[in-house]
Amino acid sequence: MISNLNHDLNGTVAVTTAPAPAAHPAGRAAAITRIVEKHGRRSSRLVPILQEVQEEFRYLPPDALALVAEKLNVAPARVFGVATFYAHFAIKPKGKHLVRLCDGTACHVKDSIPILDAIRRRLGVDARHPTTPDLMFTVETVACLGACGLAPVVVVDDQVHGAMTPAKGVALVESMIAKEAAP
Amino acid sequence: MIKARINDLPVEVPEGTTILDAARQVQVCIPTLCKHRDLLSTAACGICIVRNKGGNKMIRACCTPLENGMEITTHDRDIVEVRRSTLELILSNHPNGCLTCERNGECELQKLAADFNINQEAIKRYVKETPPDTSTGSIVIDFTKCIKCGRCIQVCQEMQDVWALSFLERGINTRMAPAGDITLAESPCVKCGQCSAHCPTGAIVENDETQTIWEALHDPNKVCVVQIAPSVRVTVGEAFGLPPGTNLTRKLYSALRRLGFKAVFDTNFAADVTIVEEASEFIERFAHKRGALPLITSCCPSWTDFMEKNHWDFIDNFSTAKSPQQMLGVLAKTYYAEKLGIDPAKLYMVSIMPCTAKKYELTRTEEMYASGFKDVDVAITTRELARMLKQSGIEFLSLPDAEADSLLGDYTGAGTIFGATGGVMEAAVRTAYFYATGKKLKSLDLEAVRGLQGVKEGTVDINGTPVRVAVAHGLANVEDVLNRVREAQKAGKETPYHFIEVMACPGGCIGGGGQPYGVDNERRQKRAAGLYQDDRDKQIRCSHENPEVIRLYKEFLDKPLSTKAHHLLHTRYTARPLYKR
Amino acid sequence: MKPLTPTDLEAYNRPNGEMKEWIRVQLDTGGIAAGAEEALAEFTRVRDENHQTIPVLRVGSVGYSFADPVVEVKCPGLPRILYGQVSAEVAGLIIREHVMKKRLIDDHAIATRQRRLTIDQPVTQILVRDTGADLSSKTEFFQFTFVEELKRRNLTERVQVVRAFDMGVYHEGVVVQLLPSGVTYTNVLAADVARIVTESVAKKRVLDDLLFKQPNPQVRIVLRNCGEVDPDSLEDYLTMARGYQALRRALTEMTPEKVIAEMKASGLRGRGGAGFPTWLKWQLTGAQKSAERYVICNGDEGDPGAFMDRSVLESDPHSVLEGMILAAFAMGSTHGYFYIRAEYPKAVERVERALVQAREAGLLGKNILGSGFSFDAKVRLGAGAFVCGEETALIASIEGKRGSPSPRPPYPSVKGLWGKPTAINNVETLANVPAIILNGGAWYAKNGTDASKGTKVFAVTGKVKNAQLVEVPMGTTLRQIVFDICGGVLDDKDLKAVQTGGPSGGVIPDKHLDTPVSYETLQQLGSIMGSGGMLVMDKTDSMVEVAKFYLRFCVDESCGKCAPCRIGGYQMLQILDRITRGRGTAADVGILRRICTAMQKASLCGLGQTAPNPVLSTLRYFEEEYKAYIEGGPSYARKISGRGQTVETTKETAKAAVTP
C-alpha cells in the first residue's frame with residue numbers, strides 16, 4: 001500500500017502506511033554492534049561504519065550515532081561531526097525508494113532541472129523536505145554520476161535511467177507507485 | 001637555524017618557526033583572526049596571508065614554516081586588499097550588533113574591522129538566525145556571532161578532552177555546536193569556559209549575572225557580602241590596563257565596599273580551611289590507612305564534573321572537602337551570621353571567581369545548601385566584576401587600600417597560591433607535613449609542582465616515607481595520570497601517586513574561563529608569579545597557622561573532620577556516565 | 001587461480017592464438033543504463049536458439065557514450081565491427097544476420113577509426129553515411145546507388161553496402177568507408193559512386209581526390225584495454241593485454257630507482273588536475289625515512305561532467321591496480337587504498353574483484369612473484385564530498401574524520417595518511433604506468449608537447465553530437481576534439497564556448513578553439529586542465545547561468561573550514577542569483593571580482609582557490625552577458641535564463657503525465 005499523498009482539508013498529510021524504516025531499538029543495537037565489530041572497533045573506520053549503518057537503517061538515527069560512538073570509544077561529537085559532513089549521510093529518515101537526479105554538468109545543460117521539478121511536484125516534495133510523508137520516496141539531486149553520455153540521468157534505487165524527460169521521469173515514478181500498490 | 005627575509009629585513013629563526021612568529025621578531029605584525037598564540041593553527045580565517053617572492057600564490061603565515069631563502073612580503077596593496085575583502089566577507093556573516101555585545105571593546109573581530117578602516121557594508125549581510133544556548137547557566141553561546149575559527153573546538157576537544165563542541169555540517173551551513181542537536185547542558189560540557197576565554201568574538205561568553213547583583217545590592221532586605229577568589233586579585237587589573245600579575249587585593253576590598261557590600265571576605269581564608277580539612281583527610285588515608293589513595297583534589301568544579309562524567313571509578317579517591325567558594329559560603333551563613341547576630345536568611349553571598357563553572361557549582365548537590373540556605377547566592381567572573389566596577393563610577397586604581405572583614409578575611413600564603421596550578425598541592429603538603437611530623441617543612445617552596453608543564457610530579461619525604469604527588473592541569477592531561485594509577489591497581493602494584501591535584505584550566509584558576517580576555521601562556525606565567533609573590537610576602541605561609549582558621553575551629557567547628565565540619569564542609573560525588581566513552 | 005611465478009607470467013607474454021570469434025558486450029554504467037544487460041541476455045538466447053556457438057563476452061567500454069550500448073563482433077571472414085545502440089532487437093539481428101549470414105546491420109555499424117590509405121584486401125563491405133546536415137540525409141540514396149552500381153558489376157554477392165551509425169568523420173558530406181581495409185572517402189558525390197566501385201572495389205585502387213588522409217587524432221594508452229578485456233577476468237588481462245608484464249619486468253629486472261627514472265623519462269604529470277610530475281611525487285615519498293608508506297589511488301572523481309576515472313576503473317581495473325603496485329614498488333610502500341566514489345558501485349565492485357584475483361594469483365600480498373616485495377591494497381568509499389579530491393582532505397576522510405583540508409606543508413609525501421609518507425595518484429595517472437614501464441618512458445614521451453607529455457583522456461559532454469571519452473596526445477586542439485572527434489555541436493548550432501576543468505576550470509570561447517591543449521595553455525586562457533571534463537556549450541547557453549551552476553556546486557561542496565571559501569562562495573552565489581533574476585546592480589560586477597580575488601588568494605585549498613574560475617573566466621570573455629542581465633532587468637532575465645518558459649513546460653508535462 002502507498003499513501004495517496006493528498007492533503008486533507010485541514011492541511012494535514014494523510015499517511016496511510018508508514019513502513020518502519022528502522023528496526024526495534026534492541027535489534028538496532030545488535031546491528032550496530034555487528035557492524036562496529038566487523039571493523040575491529042577501529043575509529044579510523046568511522047566512515048565505512050556509518051555507511052553500513054545507513055545501509056541498514058536507510059538513515060543515521062541520532063541514537064544510532066551515539067551508540068556507534070560508544071562502541072568505538074570516541075566522543076559523540078566526533079561521530080556527529082563526520083555524519084553531518086558527508087553528503088551521503090542522512091540524519092533524517094529517507095524513503096524506501098531513492099530517486100536521485102543527476103545534476104552534473106552534462107545533465108544540467110540538457111535540462112535536468114525540469115525533470116526534477118516534475119518528479120518533485122508529482123510526489124509533493126521539495127528541496128527542504130525531500131521525503132514523502134509515508135517514507136516511500138526520497139527525491140534528491142546528486143553530483144555527477146559519470147553517466148554523462150546518457151544525460152539527463154535519473155537513478156532510482158541504483159538503477160540508472162538515461163535520456164530522461166519530465167514526462168518519462170513522472171512515468172517512472174508512476175510505475176513505482178503502481179508496483180508498490182500492487183498486492 | 002633558518003635564514004630568510006621578511007619585508008626585506010633579515011630574520012633568523014629556529015627551524016619550524018612560522019612566518020607569523022618570525023615576523024614578530026622584526027616588529028612586523030601580521031593580522032590574524034583565527035590563530036591563537038598558544039593553539040595550533042586552524043588556518044580558518046585567511047587573514048594572515050603573505051606572499052613569498054616568486055610564488056604566485058599567497059600563503060598563510062600562521063601555519064607555514066619559514067624556509068631558508070624565503071623573501072616574504074607581509075603588506076602590499078594586493079595583500080591588504082585581499083585581507084580587507086576577506087574581512088568584509090567575515091563581517092557579512094556576522095551580526096552587526098557590536099554596541100550590545102558583551103565583547104564590545106574587547107572583540108578581536110571588531111578591532112580588526114577598525115584597524116582595516118572598514119566603514120561600509122559592501123556585501124549584503126547573511127546571518128542565519130539561531131537561538132542562543134543558555135542551558136548551562138554558566139556559558140552562553142550565541143551561534144550567530146561565531147566566525148568558525150575553530151579555537152573553541154580545539155580547546156574543548158584537545159586541550160580539555162571534553163568534546164562538548166564540534167563542527168557540524170559543512171559549507172555555509174558549517175556550525176560550531178554541541179553535537180547531535182542537544183543543548184550544552186545535555187552535552188559533556190564541564191563549564192570550564194575555556195571556549196569563552198579563547199573565543200575571538202562574543203560567540204561564547206559567561207552568563208552575565210551582574211544585573212542580579214545590582215538588584216541584590218539595592219534590595220534593603222538583603223545583607224550583601226562578597227568573597228574574592230585567590231586568582232582574581234592578580235588578573236582584574238588587566239581589565240584596567242595593568243600588566244598581568246599586578247596584585248590588587250586591598251584595592252578590591254575597598255572597591256567592593258564602595259559597591260555596597262556590607263562585608264568583604266577573602267576566598268583565600270576558605271582555601272586555608274580547605275587545606276586544613278584536606279590535609280587531615282590525607283593524613284587519615286596515608287598515615288592511618290583509612291580510605292583510598294591516591295587522594296585527589298576536588299576544589300575545581302569542572303574537574304569534579306568531568307570526573308563524575310568520565311572517571312567515576314575514582315569517586316572514592318576524591319577529597320570530600322568542599323571548594324573554598326562553598327566553604328566560605330556556608331561559614332558566612334552559619335559561623336559569621338551567628339557571631340554577628342545576622343539573620344542568615346538575609347545574607348546574600350556573592351562570589352567573584354575566575355571561573356564559569358563556579359556558577360554551576362552553586363547548585364551542584366544538596367550539600368551546597370548546608371547552611372540551610374543556598375550557601376553562595378551568585379557567582380560572577382572576573383570579567384563581570386570588571387564590568388561592574390566600570391559601571392559604578394569608582395576610580396578603581398586610585399582607591400585607598402582596605403582590609404577584609406575579620407572572621408573570614410585573613411589568609412596565608414598557602415591560601416593565595418590556590419589560584420595557580422600546583423598551588424593546592426603545595427599548600428596541602430605544607431600542612432600535611434606538619435600534621436604528620438609535628439615539624440615545619442624546611443623549605444616551604446615546592447618548586448617541582450610549579451609552572452606550566454602539563455603534568456608535574458614531585459616527592460616529599462614524610463617520616464621516612466616518600467610521598468609521591470602529581471599535578472595535572474588542562475583536562476586532557478588527566479587521563480594519563482589516572483591511567484597510571486589504574487594500571488598499578490590492576491597489576492596489584494603500589495599506587496604511583498599518593499596525592500593528585502587536578503585543575504581543569506591550563507595554569508589553574510589564573511587561566512580560568514572567566515578571567516580577562518587575552519589569555520596565553522605568557523600571561524598565565526605572569527599571573528602565577530603575582531600569586532607566588534603574594535605568598536612570599538605573607539608572614540604566615542601555612543594554612544594551619546592562620547589565626548582566624550584556628551579561631552574558627554576553636555569556637556565553631558571543634559577540629560578538622562569533626563562531625564560539624566563534615567556536615568558543613570564536605571560533599572559527595574555521584575557517577576553520571578551521561579556519555580560513556 | 002593459483003599463485004603465479006615469474007615464469008608463468010612470462011609464458012602469458014607470448015601471443016597464443018587469439019580467439020576466432022566473439023561478441024563483446026560493453027558493460028559499464030553507461031552501457032548498462034542504456035540496456036546492455038538486456039542485449040547480452042538476448043544475444044545468448046538467440047544464439048542458443050539458433051544452435052550457434054559464438055562466445056558472448058562481457059567487456060568494459062571503449063568510451064563511445066553516445067552509442068551505448070556498444071557491442072563489438074568478430075566473425076571469421078569479417079572485419080571486427082563495432083555496433084552502437086544495440087537494443088535486444090538489434091542483438092537478435094546481429095546473431096541472425098551478422099553471425100549466421102555474415103551480413104552487417106544497417107544503422108548500427110560504426111566505422112573503424114583505423115583508417116588506412118591503401119586497399120590491400122578485397123573490399124567486402126562499404127559503409128556509407130551522410131555527415132552533412134541531419135535534415136536532408138542522403139545516406140539511403142547513396143546506399144541505393146552503391147547497390148545499383150554493384151549490381152551492374154555483379155559484385156553484390158561479394159560486397160555489402162551498409163548504412164553506418166557513425167563514421168568517425170564529420171561535416172565531410174557523404175562519407176564512405178571500404179572494409180576491411182578502412183580506406184575512407186569523404187565528400188562523395190553521386191557521380192563518384194561508379195568510380196569507387198570500378199576503381200576501388202574492383203581494382204583495389206585508391207581514389208586520391210576522395211581519400212580522407214587525416215590520421216586518427218586519438219591515441220589510446222590509458223584506454224588501451226577498455227572494451228578489449230573483460231574487466232572481471234584476470235585471465236583476460238593476462239592473455240590479451242600483456243597484463244602484469246610491466247610488474248614482472250619491474251620486479252625481476254628493475255630497481256625502484258630505475259622505475260622512477262623511467263617515469264621521469266616519460267614526463268608523465270599527475271592527471272588529477274594539478275599536473276605535478278608523477279616521478280617526483282614518488283621520489284619524494286620514497287625518500288622519506290619511514291617504516292611505512294602509503295599509496296592512494298584517488299578515484300573520487302567528483303567533477304560534474306567527468307567520467308574518465310569511472311570508465312577506466314570499470315573497464316580496466318587491473319591496469320590501475322598494476323600501476324598502483326608499480327608505484328608502491330618504486331617508493332617502497334606496503335599498503336595502498338583505492339578511494340572511490342560511492343556513486344560508482346560498478347567501479348567499486350570491479351576493483352574489489354580485481355584485488356581478490358590479484359591476491360589469489362600472488363600479484364598482491366606478501367612476497368609478490370617471489371621478489372621479496374610485499375604490498376596489499378583495499379578499497380575505501382567516498383561518502384559524498386567533492387573536497388575529498390583534495391589530498392589532505394582525502395587523507396582525513398580515510399582516517400575517519402571530517403574531510404576538511406589541512407594546511408600544506410607538511411605535504412602528504414612527507415606526512416600523509418596516519419602521519420606517514422603518502423603518494424596520492426589519480427586513476428588515469430596509474431593506468432598509464434604499466435604501459436610506460438612496458439614500453440619505456442621515451443616511448444610515452446613521443447606523444448604530447450614539451451612540457452606536457454603523453455596523452456590525456458577527456459570526457460566530452462554537453463551540447464555535443466557524440467558525447468564520449470576521448471584520448472588524445474597533449475597538444476591536440478580543442479577544435480580537433482570537439483569537431484573532428486566528437487562531431488561538433490548538437491543540432492549544428494554555433495559553438496559558444498568549451499568549459500574545461502569542471503567547477504575549478506573556466507570557459508574557453510570559440511575564438512580560442514585552436515589552442516593546443518596542455519596544462520600551461522589552458523591556464524593562460526583562465527581555465528585549467530583539471531581532471532578532463534569538457535563541456536560544450538552552444539550559442540543559446542547563458543554564460544552567467546553556467547558560472548552560477550559551477551559556483552553553486554562549489555558552494556555545496558565547500559567544506560566550510562575557511563572563511564574566504566565558505567562565505568565568499570555563498571555571497572557570490574547570492575550576487576549571481578540576483579543578476580540572473582535581472583535584479584543585479586552595476587556595482588555587483590565589481591564586488592564579484594573583489595570576492596573572486598579574495599577567494600583565489602586567501603582560500604586554504606584548491607577547491608576554494610579555483611572556485612571563482614568559472615565566474616572569472618566568464619567575466620573575462622563574456623562580461624557583456626552580465627551587463628545585459630543587469631541592464632535588461634527581470635524581463636530580459638526571464639527570456640535569457642528561460643525561467644518562465646521552462647517552468648511552464650514543466651507544468652504542462654507534469655500535468656499531462658499525472659492525469660491519464
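Residues numbered from 1 in each chain as written. Chains lettered and ligands numbered in written order. Predicted model: local features only at pLDDT ≥ 70, side-chain atom pairs only at ≥ 80, totals over all residues. Heavy atoms only, no water.

(A) Looking closely at the overall build of chain A. Secondary structure summary: chain A contains seven helices and four strands in total. Put simply, chain A runs from its N terminus to its C terminus through helices and strands in the order α-α-α-α-β-α-α-β-β-β-α. In chain A, of all internal contacts separated by at least 6 residues, the share reaching a separation of at least 24 is 61%. By element, 55% of the accessible surface of chain A is carried by carbon and sulfur atoms, the whole surface being about 7600 Å². (Helix = DSSP H or I, 4+ residues; strand = E, 2+ residues; numbered from the N terminus. Contact = heavy atoms within 4.5 Å. Areas by Shrake-Rupley, 256 points an atom, 1.4 Å probe, with all protein chains shown as cover.)

(B) Structural detail: the sheet that holds strand S15 (residues 468-473) of chain C. Residues and elements named next belong to chain C. The strand order across the open sheet formed by five strands is S15-S14-S18-S16-S17, and the pairing between neighbours is mixed. Either end of the sheet is taken by a strand with one partner, and the two such strands are S15 and strand S17 (506-509). Averaged over all neighbouring strand pairs, the angle between strand axes comes to 30°, with direction disregarded. Looking at chain direction, strand S14 (residues 455-462) and S15 are connected through six bridges and run antiparallel. Looking at the pairing, Val460 lines up with Gln468 of S15. (Pairing = 2+ DSSP bridges. Axes fitted to C-alpha atoms, helices over the stretch in contact; angles between N-to-C directions.)

(C) Region of the structure containing the interface of chain C and chain A. The interface is formed by 51 residues belonging to chain C together with 43 residues belonging to chain A. For the pair chain C and chain A, the two sides together bury roughly 3600 Å², of which 64% comes from carbon and sulfur. Inspection of the region where chain C meets chain A yields zero salt bridges. Secondary-structure elements contributing two or more residues to the side of chain C that touches chain A are helix H2 (29-33), strand S12 (376-382), helix H14 (391-398), S14, helix H19 (543-557) and helix H24 (643-658) of chain C. Of the residues forming the side of chain C that touches chain A, the biggest block, seven residues, is contributed by H24 of chain C. Of the residues assigned to the side of chain C that touches chain A, the class counts are 24 nonpolar, 15 polar and 12 charged. (Buried area = accessible area lost by both parts, 1.4 Å probe. Salt bridge = Lys/Arg side-chain N within 4 Å of Asp/Glu carboxyl O. Nonpolar A, V, L, I, M, F, W, Y, C, P; charged D, E, K, R; others polar.)

(D) Structural detail: the pairing of strand S10 (residues 294-299) of chain C. All names here are of chain C. The buried fraction of S10 is high, at six of six residues. The sheet contact formed by S10 and strand S13 (residues 422-426) spans five bridges and is parallel. Paired with Val295 across the bridge in S13 is Ala423. Bridge count between S10 and strand S11 (residues 335-341): six bridges; the pairing is parallel. Residue pairing across strands places Cys297 opposite Phe338, the latter belonging to S11. (Buried < 20%, exposed > 50% of the residue type's maximum accessible area, 1.4 Å probe, protein only.)

(E) Representation of empty space enclosed by the protein within the structure. Residues and elements named next belong to chain B. Under the counting rule described, the total for this entry stands at nine cavities of 30 Å³ or more. Roughly 240 Å³ of internal volume is contained in the largest cavity. Looking at the lining of the largest cavity, the elements that each hand over two or more residues are helix H9 (301-310) and helix H10 (324-340). In the lining of the largest cavity, the residues fall into 15 nonpolar, five polar and one charged. By volume, the second largest cavity amounts to about 100 Å³. Lining the second largest cavity are 15 residues, and of these Cys156, Val162, Cys189, Cys192 and Cys195 lie nearest its centre. When residues of the lining of the second largest cavity are traced back to their parent elements, those giving at least two are helix H4 (151-159) and helix H5 (194-198). Grouping the constituent residues of the lining of the second largest cavity by class yields 11 nonpolar, three polar and one charged. (1 Å grid on protein atoms, 1.4 Å probe; cavity = no way out; pocket = protein on both sides within 12 Å on 5 of 7 lines; lining within 4 Å. Points joined across faces, edges and corners; volume = space filled by probe spheres on them.)

(F) Looking closely at the packing of aromatic side chains. In the structure shown here, the tally under the stated rule is 23 aromatic pairs over all chains. A ring pair is formed by Trp443 of chain C and Tyr444 of chain C, whose centres lie 6.4 Å apart and whose planes are at 55°; its orientation type is tilted. An aromatic cluster is present here, built from Trp303, Phe306, Phe318 and Tyr573 of chain B joined pairwise through their rings. For Lys390 of chain B, the ring lying beneath its charged end belongs to Phe240 of chain B, and the centroid distance is 5.3 Å. (Phe/Tyr/Trp six-rings, centres within 6.5 Å; stacked < 30°, edge-to-face > 60°. Lys NZ or Arg CZ within 6 Å of the ring centre and 35° of its normal.)

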